[in-house]
Number of protein chains: 2
Amino acid sequence: MNIGTAAERSGLPAKTIRYYEEIGLLKPDRTDNGYRDYSVADLHKLRFLQRSRSLGFSVEECRQLLSLYDDKDRESADVKAIAQAKLAEIDRKLAELAGLRDMLRHLVANCHGDDRPDCPIIDGLSGEAAFVTGGGCHGKEERP
Amino acid sequence: MNIGTAAERSGLPAKTIRYYEEIGLLKPDRTDNGYRDYSVADLHKLRFLQRSRSLGFSVEECRQLLSLYDDKDRESADVKAIAQAKLAEIDRKLAELAGLRDMLRHLVANCHGDDRPDCPIIDGLSGEAAFVTGGGCHGKEERP
DNA sequence: TGTAGTGCTTCCAGTCGCTGGAAGGTCAAG
DNA sequence: CTTGACCTTCCAGCGACTGGAAGCACTACA
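Computed from a predicted structure; not experimentally measured.

Analysis parameters
Residues numbered from 1 in each chain as written. Chains lettered and ligands numbered in written order. Predicted model: local features only at pLDDT ≥ 70, side-chain atom pairs only at ≥ 80, totals over all residues. Heavy atoms only, no water. Near = heavy atom within 4 Å. Helix = DSSP H or I, 4+ residues; strand = E, 2+ residues; numbered from the N terminus. Nonpolar A, V, L, I, M, F, W, Y, C, P; charged D, E, K, R; others polar. Buried < 20%, exposed > 50% of the residue type's maximum accessible area, 1.4 Å probe, protein only. Arc of directions from axis to C-beta. Contact = heavy atoms within 4.5 Å. Polar contact = N/O pair within 3.5 Å; in protein donor to acceptor, adjacent residues only side chain to side chain.

S.K.: It is not clear to me how the protein's contact with DNA strand D should be interpreted in this structure. Could you clarify?
M.R.: Within the structure, DNA strand D sits among 18 residues, and Gly4 and Arg36 of chain A together with Lys15, Tyr20 and Asn33 of chain B are positioned closest to it. Across the atoms of DNA strand D situated within 4 Å of the protein, the share located in sugar and phosphate is 72%. Where the surface near DNA strand D is concerned, the elements lending two or more residues are α1 (3-10) and α2 (14-22) of chain A together with α2 (14-22) of chain B. In terms of residue class, the surface near DNA strand D is made up of 7 nonpolar, 5 polar and 6 charged.

Below, the structure written as structure tokens:
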């Protein structure tokens, strides 16, 4: 398939797809007229790139993960180690994202613009403390 | 607190923190000697920036979310609309991330380098299809 | 009271990951 | 056989940092 179709189906702009080729993330065939020709496997890689890039993985990380996809010897220890590390990172990201969601939900639901200190949202924003139930926002901020 | 401490506690490099100030994401006080002086609220914002940037939100999105944090009139409709939109996006990201995790897990656990077609991992990579149980990898790829 | 060392400041240059635009070739429809 | 959509390469620019130089500030220790 042509780059336009691949772009549409992967959710990536054609420009970006060409860039990914330039930096060696995938190598589509070319038809006789010089057009890039994407296989279904290429499309899967592109979709994967779209996903993982939008979730904050770097291009180099994506390259490693793609090598996992390509690697004919996926049983090798180092490749498995990469996958395990990424799994841990994904779990971390999942927790952070869930925290972000809870904080935003709380922000929308519970904050009424009053002036009480010890605002639970401030704790929520930091991503460190458990939520304190109730309470308003915009508390005076101490400067330690 | 000084920028070094803020960097350590937020997980952001000092360089990045200065950059965020330059583009107007936060405005720490200055002590008499010209050093930046970060409040606890500043630190929370920095932690929030660290989290949301690493999860794939753009700086402009972060700016909007921070305005939610700063806004004294958080009840206004547009601010709430921003929060709702972000909530939806976070839910989408959560689903994608979970999909990515499942795919990686599957890749590590079930792929033994054989040559069977219809590889479930390929479907998993694309993020579209449900996993087919069993099956190996490295299937022949058709070019449509 | 020096002075070494660490940390802060600004500024400027460079990198990564795209993104837009120009100039031109290809292809299907009318 | 022209129109218009789509493809090509190339080059420039932007967003988001990142590294390094030059210099001021603070702390510690002889």
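S.K.: Just checking my understanding: could you explain helix α1 (residues 3-10) of chain B for this structure?
M.R.: Given 3.6 residues per helical turn, the α-helix brings residues three or four places apart onto the same face. Residues and elements named next belong to chain B. Inspection of α1 places Ile3, Ala6, Ala7 and Ser10 among the buried residues, and these make up the whole buried set. Here the buried residues of α1 occupy an arc of 100° about the axis, which is enough to place them on one side. Where α1 is buried, its residues touch α2, β2 (36-37) and α3 (40-54). In the stretch just after α1, glycine 11 is the one whose phi turns positive, near 85°.

S.K.: When you look at the protein's contact with DNA strand C in this model, what are you seeing that I'm missing?
M.R.: Taken together, 18 residues are adjacent to DNA strand C, and Lys15, Tyr20 and Asn33 of chain A together with Tyr35 and Arg36 of chain B come closest. Within 4 Å of the protein, atoms of DNA strand C come from sugar and phosphate in 66% of cases. At a separation of 3.1 Å, a base nitrogen of DNA strand C approaches a polar side-chain atom of tyrosine 35 of chain A. One of the side-chain nitrogen or oxygen atoms of arginine 18 of chain B is found 3.1 Å away from a phosphate oxygen of DNA strand C. Breaking the surface near DNA strand C down by element, the ones donating at least two residues are α2 of chain A together with α1 and α2 of chain B. It is α2 of chain A that provides the largest number of residues to the surface near DNA strand C, a total of 4 residues. Residues that form the surface near DNA strand C fall into these classes: 7 nonpolar, 5 polar and 6 charged.

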